[in-house]
Amino acid sequence: SAPAPKPTAKKVEDEEEDRGSEPVGQSSLVTATAVSQPEYEPMAADELEARVQKYVQSPKFMKEIVAKTAGIDFMDISEVNATALVLQLYEDELKYLDIQKGMTGKEQQMPQFSQKQIDEKVKELEVVPQFVKNFYGKNKDNDTAIAIQMLETEYESDNLRRQLMRAMEANAEEEREAPTKSPSSRSKSDEETFGSTLFGEAFDQAQKTETEKMVEALFPPSTRKEGATPSQAQANILMADVMTKIKLFSPSGKPEPVPGGFIIRGTNQFDSGQELIDAIDSAIANSRVKEQLLVNYVGDPTPVTDEQMLASERNPVLFVTSTDVTLERNRFLLAGVTSLAIGTSWYTSLYPFLLNPTLLKSSEEQLNLANAGMEYDLGFLTDIAVPLFASFMGVQVAHEAAHWVVASAKKMEITFPTLVPSLVTGITSSITALKKSPKNKQDLFDFAIAGPLTGVVISCALIFLGCGLTASLDSAAYSQLPGLPLAVLRQSALAGGIIEYVLGEGLLSVPASAAGTEALADINISLHPFAIAGFFGLLVNAINLVPFGSKFTSLWLFIGIFYVIAACIAAN
């Protein structure tokens, strides 16, 4: 018999509906966004079938990425309708091509500019330096040609702007029509923004004002307290109860709404911004918005106005947000993480001793006795590992104590530290969250640098002390020392320098011919437990100085360093 004809796009959609929107090769509980639009040419059946099969055969993680890009809201990727998703992406592809074509092409031929327009541009060019005109290439000495080129550029920019506005209006029209779709043809994300996430975010960004864009670019969501923006009523109370009592600050207008809060402009007659903030905090403590609002003295985050440009002056402003909200912390989970970190630290304390052949052999003998059901004793390994473990944990305790001392001196509220485990160094770092924003970035810098700096100093002292004790031991005691691979010790220039200074220059040196060989990997250097504890402590505190993470000390230090650099530049 003749083979059955291949289904058309329309037929596939009908079959999908008859099957309860079941995608090819999988069950479906979620249907994609609108799948067909009369203004676009439907996809050929062969191409549709090929795309659907290609999607079905893709890895799970790739399916999830594609579905999210298309704006599909799903709990399980197996619930997503494959055919509807492919048609949605095809529609977005055509829409993008239409917009791109309209924005890159010209609506009409370049108009003929009047002589008056050209003369006005030529007059403007009289004050333009020659090095700027040189950018116009062969026309650099012809003001008339440059003027015409400038007019053409302005026309093209206006044309692109008009095309973008039309695209935005078309998208807004589609959003108004979106609620008319049946619930079965729209996902949750489709209700919020028509089309795929790819286009929705682009249009949302284009519709924002310049002020909104600048504020969001300068202040991250956590700073703006997204989801907890103060109300207009709270801003009015702040003006009535607080700002009227600040005699040395004169507001120049009403609070201006911006993403995350309000901006208050005015003239500050205090000697410093810190004095102004101290006065405001004191007044807020006795007002109706106590513990509701947070006032920051920041550089103006809004676009520069013509008046500010003419005056060559741009005063800081007050940025009003809601108070800091410390996320609810699962104490049992954090306690478990810290306990695990202590456990990995103990493992790290035992590992260097097992690199000693004598101690390793003794440990294996005791384990063999245990496996045979005989009496065994590994207490000797525990006894010799305690000094290393205690000194390593002492470095971390000193690190956290330094943070606490500075926080107390600066009246900063912090949470109890949570240790982060590591199988390499025992502890990767610790997480200490700020319950409230510090008074200024200098306090933030002092708080951030105190812990790592203290840890580095104590770690270096332990390495120096441990190397000195290593050099003073007799051969019998030396044979019982733990060790670390030479390749590991060479990873720290500071620790290696101290070790070679005390134990002899060249101890960690390796001939070029031996670099990277297996023989090098088998070389272990015996050191006193204090030296090894100091080495691990130095690595951990060095990690704290690397700018990564959201609540690690390194991030606070990174922000503070930028402030200090900026302050030095401003002072000069």
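None of these values were measured; they are calculated from a predicted model.

Explain the overall build of the protein chain here, please?
For the protein chain, the count of helices and strands is 24 helices and 10 strands. Within the protein chain, the fraction of its 572 residues that count as buried is 37%. Counted over contacts in the protein chain with a minimum sequence separation of 6, partners at least 24 positions apart contribute 70%. Counting only carbon and sulfur atoms, one obtains 59% of the accessible surface of the protein chain, whose full area is about 32500 Å².

Is there a simple way to think about helix 5 (residues 115-125) in this case?
For an α-helix, 3.6 residues make a turn, and residues three or four places apart therefore share a direction. The complete set of buried residues in helix 5 reads I118, K121 and L125. Taken around the axis of helix 5, the buried residues stretch over an arc of 65 degrees, which confines them to a single face. Opposite its buried face, helix 5 presents the exposed residues K116 and K123, each directed more than 90 degrees away.

Can you walk me through the packing of helix 17 (residues 379-409) against helix 23 (residues 529-543) in this structure?
Packed helices, taken two at a time, are described by the angle between their axes plus the distance between the axes. At a closest axis distance of 8 Å, the pairing of helix 17 and helix 23 adopts a crossing angle of 35 degrees. Handedness of the crossing formed by helix 17 with helix 23: right-handed. Residues P387, L388, S391, F392, V395, Q396 and H399 of helix 17 touch helix 23, and the partners they reach there are P529, F530, I532, A533, F536, G537, V540 and N541. Its residues assigned to classes, the contact of helix 17 with helix 23 shows 10 nonpolar, 5 polar and no charged.

Explain helix 23 here, please?
With 15 residues, helix 23 extends 21 Å from end C-alpha to end C-alpha; this agrees with the ideal 21 Å at 1.5 Å per step. Burial within helix 23 is extensive, with 11 of its 15 residues counted as buried. Taken as a whole, helix 23 has its buried residues at P529, A531, I532, A533, G534, F535, F536, G537, L538, V540 and N541.

Sorry if this is basic, but what is going on with the pattern of salt bridges here?
Two side chains that carry opposite charge are able to pair once their charged atoms sit near each other. Under the defined criterion, the tally for this structure stands at 10 salt bridges. The closest approach of N and O atoms between R265 and E256, which form a salt bridge, is 2.8 Å. Residue K410 is joined to D443 by a salt bridge in which the shortest nitrogen-to-oxygen separation is 3.5 Å. One end of the pair, K410, is in the loop between helix 17 and strand 7 (418-422); the other, D443, is in helix 18 (residues 441-472), with 33 residues separating them in the sequence. D443 sits in the buried class, given a relative accessible area of 11%. Salt bridges linked by common partners bring E256, R265, D300 and R314 together as one network.

Honestly, the environment of I498 in this entry has me stumped. Any pointers?
Relative to the helices and strands, I498 is located in helix 21 (residues 493-503). On the basis of relative accessibility, which here comes to 15%, the residue I498 falls in the buried class. Considered as a pair, I498 and C460 are 38 residues apart in the sequence and their alpha carbons are 7.8 Å apart. When near neighbours in sequence (up to four residues on either side) are disregarded, I498 contacts C460, I463 and F464.

Would you take a moment to explain the environment of V488 for this structure?
Counting through the fold element by element, V488 comes out in helix 20 (residues 486-489). What makes V488 partly exposed here is its relative accessible area of 32%. Linking V488 and N524, residues 36 residues apart in sequence, is a C-alpha distance of 9.2 Å.

What am I meant to see in the packing of aromatic side chains here?
Two aromatic rings are characterised by how far apart their centres lie and by the angle between their planes. Considering all chains together, one arrives at 3 aromatic pairs under this definition. Sitting above the plane of the Y55 ring, K63 keeps its charged end 5.8 Å from the centroid.

I keep staring at the sheet that holds strand 3 (residues 261-264) and nothing clicks. Help me out?
In any sheet, the strands associate via hydrogen bonds between backbone groups, in a parallel or an antiparallel arrangement. Here we have 4 strands laid out as an open sheet, ordered 2-3-6-5, and antiparallel in their pairing. Two strands lie at the open edges of the sheet, namely strand 2 (256-258) and strand 5 (293-298), each paired on one side alone. Across this sheet, the average inter-strand angle for adjacent strands is 30 degrees, counted without regard to direction. As paired elements, strand 2 and strand 3 share 3 bridges and run antiparallel to each other. Bridge assignment links P257 to a residue of strand 3, and that residue is F262. Here helix 12 (residues 232-242) sits on the sheet in contact with strand 3, strand 5 and strand 6 (317-322), set at roughly 30 degrees to strand 3. This element, helix 13 (residues 273-284), spans strand 5 and strand 6 of the sheet and lies at about 170 degrees to strand 5.

Is there a simple way to explain the nonpolar core in this structure?
A general trend in soluble globular proteins is that nonpolar side chains are found buried together. Core analysis: the largest hydrophobic core is formed by 32 residues, its most contacted members being F392, I463, L489, I499 and L527. The biggest single contributor to this core is helix 23, with 7 residues. When neighbours within four sequence positions are excluded, L489 is seen to be in contact with L484, I499, L508, I525, L527 and F535. Within the second largest apolar cluster, 20 residues are counted, among which are L238, V242, F270 and I277.

For this particular structure, what's the right way to read the pairing of strand 7?
Walk down a regular strand and you will see the side chains alternate between the two sheet faces. In the sheet, strand 7 pairs with strand 8 (residues 426-431) via 5 bridges, with the strands oriented antiparallel. Bridging across to strand 8, V420 finds its partner in S429. The antiparallel pairing of strand 7 with strand 8 creates a hairpin that spans 3 residues between the two strands.

Any chance you could explain the side chain of E400 here in plain terms?
Residue placement: E400 occurs in helix 17. For E400, a relative accessible area of 13% puts it in the buried group. Within the structure, E400 has its side chain in polar contact with the side chain of T432 (distance 3.4 Å).

What is the right way to look at the confidence of the model for the protein chain in this model?
Parts of the prediction with low pLDDT should not have their coordinates interpreted in detail. For the protein chain, per-residue confidence averages 76 on the pLDDT scale, and residues scoring 70 or more make up 73% of the total. Element-level pLDDT for the protein chain is lowest in helix 8 (residues 188-192), with a mean of 42, against a maximum mean of 91 in helix 17. Long-range and interchain partners of residues 549-556, a stretch whose pLDDT sits below 50, account for 28 contacts in this model, where long-range means more than four residues apart. Here residues 558-572 is a poorly scored stretch, pLDDT under 50, and it has 10 contacts once near neighbours within four places are set aside; other chains count.

Would you mind going over the packing of helix 16 (residues 357-371) against helix 17 with me for this structure?
Contact geometry of helix 16 with helix 17 gives a least axis separation of 10 Å together with a crossing angle of 140 degrees. On the basis of the axis angle, helix 16 is oblique to helix 17. Across the interface between the two elements, L359, S362, S363 and Q366 from helix 16 touch F380, L381 and I384 from helix 17.

Where do I start with a nonpolar patch on the surface in this structure?
On the surface, F61, M62 and I65 cluster together into a nonpolar patch covering about 290 Å² of accessible area. Among the structural elements, F61 can be located in helix 3 (residues 60-69).

Teacher, can you tell me more about the side chain of S422 here?
Mapping S422 onto the fold places it in strand 7. Since its relative accessible area comes to 14%, S422 is described here as buried. Within the structure, the side chain of S422 is placed 3.2 Å from the backbone nitrogen of V424, a separation counted as a polar contact. Each residue touching S422, except ones within four places of it in the same chain, is listed here: T344, T348, I427 and T428.

Criteria and thresholds
Residues numbered from 1 in each chain as written. Predicted model: local features only at pLDDT ≥ 70, side-chain atom pairs only at ≥ 80, totals over all residues. Heavy atoms only, no water. Helix = DSSP H or I, 4+ residues; strand = E, 2+ residues; numbered from the N terminus. Buried < 20%, exposed > 50% of the residue type's maximum accessible area, 1.4 Å probe, protein only. Contact = heavy atoms within 4.5 Å. Areas by Shrake-Rupley, 256 points an atom, 1.4 Å probe, with all protein chains shown as cover. Arc of directions from axis to C-beta. Axes fitted to C-alpha atoms, helices over the stretch in contact; angles between N-to-C directions. Left-handed = near helix turned anticlockwise from the far one by under 90°. Nonpolar A, V, L, I, M, F, W, Y, C, P; charged D, E, K, R; others polar. Expected span 1.5 Å × (residues − 1). Salt bridge = Lys/Arg side-chain N within 4 Å of Asp/Glu carboxyl O. Phe/Tyr/Trp six-rings, centres within 6.5 Å; stacked < 30°, edge-to-face > 60°. Lys NZ or Arg CZ within 6 Å of the ring centre and 35° of its normal. Pairing = 2+ DSSP bridges. Core = buried A, V, L, I, M, F, W, Y, C linked by side-chain atoms within 4.5 Å. Polar contact = N/O pair within 3.5 Å; in protein donor to acceptor, adjacent residues only side chain to side chain. pLDDT = per-residue confidence, 0-100. Parallel < 35°, antiparallel > 145°, perpendicular 65-115°, else oblique. Patch = residues over 30% accessible without salt bridge, like charges linked within 9 Å, V, L, I, M, F, W, Y side chains within 5 Å.

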